[in-house]
Amino acid sequence: MTRNKLGINNSEETLFKIQADIEAFEKDAALYEEKNCDKRLDAIDFLEFHIIDHIESLIEKTAQTNQLSLLKQWAENIKLALEAIDNNLFKKLRAHIRSNGCTGEQFKKLVGKYIDFDADGSGHEEAGYDNLDVFFNGLLSFGSVPEQTKALEPEMVFYQKTPTRIIFELVEKAYITKNDVFFDLGSGLGQAAILVNLLAGTKTRGVEFEPAFCNYASDCAAQFNLPNVSFINVDARQADYSDGTVFFMYTPFKGEILQDVLVLLRSESLTRKIKIITYGPCTAQVASEGWLDITVSNNDNIYKPAVFTSI
Ligand SMILES: C[S@@+](CC[C@H](N)C(=O)[O-])C[C@H]1O[C@@H](n2cnc3c(N)ncnc32)[C@H](O)[C@@H]1O
């Protein structure tokens, strides 16, 4: 066994270090203040992925399981206490939005008290999720996430949510206003449609093939009392787009299905100007449509949104 200058062996030193880290979280009073949600989400992440996971890997390899199990329990209790603060906060925010009908600048001001965000998504070039997603996953949740019940056709893409900062970005970059009618094609659990309504006061509709996702999204919107948000359980090839002005697609389908839907959108564009916002690999196929002008380029980064306007 190797010993350091103080005569402490490596495994004792590791235990001291873990103990000190946990203690620091326990004593950091700022973490327990409701407003410090960003800091708390970082702490929860650290506890889960750097402390608890580390302890579990040590338990598998060492004989000191008693001490390690106690440390793990301690870390888990702190994590639970921090998560409880967030859950209470989300409950309080949902109740506030439900009774005050808070959208647009009011909504941004409200959530901005607890979590940092760039209204236009600037400063984020890389793909992936961050604290903003964890915050909105908590705020916009409705019990446990349902399983897929219907088999997807080969060109249909399975559910994966748009990163929240992309929703903030597209609202700004596509100049979405409360006079628009926003469609999310392949709306999954409904976060994009709900969030666009909250951010811009826009009437929003989600079109989703999977009934369980559609029900979840409707229940989630109902807990905020959002009369201008609705979800339709239909194949996007059969949806009614007659009042839509902005159509968002986080690559919900590819190939011929996407082509068929673009034909429908093109026929809508003959009666009024429409915008199409894309995110992910479907952007290239949409960009090849001659009846669309690109108004906001993604600069060949598929993890940035692109905005197209009908000619
Ligand atoms: C990549 S996810 C996008 C989820 C959602 N737009 C979001 O940002 O959180 C694609 C979604 O499209 C749905 N989907 C796939 N094919 C569809 C179709 N033909 N009609 C309607 N929805 C479809 C899938 O069930 C899945 O929920």
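This one's a predicted model, so the numbers in the text were calculated from it and none came from an experiment.

## Quick word on the packing of helix α3 (residues 65-100) against helix α5 (residues 131-139)
- One way to put it is that α3 packs onto α5 with a least axis distance of 9 Å and a crossing angle of 65°. Considering how the two elements wind past one another, α3 and α5 form a crossing that is right-handed. Counted together, Leu89, Phe90, Leu93 and Arg94 of α3 and Phe135, Gly138 and Leu139 of α5 form the full contact between these two elements.
- Residue classes in the contact of α3 with α5 are distributed as 5 nonpolar, 1 polar and 1 charged.

## Digging into the pairing of strand β1 (residues 181-185)
- Of all 5 residues making up β1, 5 are buried, and the element is well covered by its neighbours.
- Every second residue of β1 is oriented toward a common face, with Val181, Phe183 and Leu185 on one face and Phe182 and Asp184 on the other, all of them buried.
- Strand direction decides the pairing type here: β1 and strand β2 (residues 203-208), joined by 5 bridges, are parallel. Each bridged residue has a counterpart across the sheet, and for Phe182 the counterpart in β2 is Thr204.
- Read as a crossover between parallel neighbours, the route from β1 over helix α7 (residues 191-200) to β2 is right-handed.
- Judged from the 3 bridges that link them, β1 and strand β4 (residues 246-250) form a sheet pairing that is parallel. In the strand pairing of β4, Phe182 is matched with Val246.

## Topic: the site of the ligand
- Near the ligand you find 21 residues, and of these Thr162, Asp184, Gly186, Glu208 and Ala236 are the closest.
- Note that an oxygen atom of the ligand is positioned 2.6 Å from one of the side-chain N or O atoms of Glu208.
- In this structure, a nitrogen atom belonging to the ligand sits 3.1 Å away from a side-chain N or O atom of Asp235.
- For the ligand, whose accessible area on its own is 600 Å², the fraction buried by protein is 99%.

## Describing the side chain of Glu210
- On the secondary structure map, Glu210 appears in the loop between β2 and α8 (211-222).
- No salt bridge forms around the buried Glu210; measuring N to O, its nearest opposite-charge neighbour Lys150 is 6.8 Å away.
- Within the structure, Glu210 has its side chain in polar contact with the side chain of Gln148 (distance 3.4 Å).
- Those residues in contact with Glu210, other than ones at most four positions away along the chain, are Glu147, Gln148, Thr149, Lys150 and Asn233.

Rules used throughout
Residues numbered from 1 in each chain as written. Predicted model: local features only at pLDDT ≥ 70, side-chain atom pairs only at ≥ 80, totals over all residues. Heavy atoms only, no water. Axes fitted to C-alpha atoms, helices over the stretch in contact; angles between N-to-C directions. Helix = DSSP H or I, 4+ residues; strand = E, 2+ residues; numbered from the N terminus. Left-handed = near helix turned anticlockwise from the far one by under 90°. Contact = heavy atoms within 4.5 Å. Nonpolar A, V, L, I, M, F, W, Y, C, P; charged D, E, K, R; others polar. Buried < 20%, exposed > 50% of the residue type's maximum accessible area, 1.4 Å probe, protein only. Pairing = 2+ DSSP bridges. Right-handed = clockwise from strand over helix to strand, strands pointing away. Near = heavy atom within 4 Å. Polar contact = N/O pair within 3.5 Å; in protein donor to acceptor, adjacent residues only side chain to side chain. Areas by Shrake-Rupley, 256 points an atom, 1.4 Å probe, with all protein chains shown as cover. Lys, Arg positive; Asp, Glu negative; His and termini not counted. Salt bridge = Lys/Arg side-chain N within 4 Å of Asp/Glu carboxyl O.

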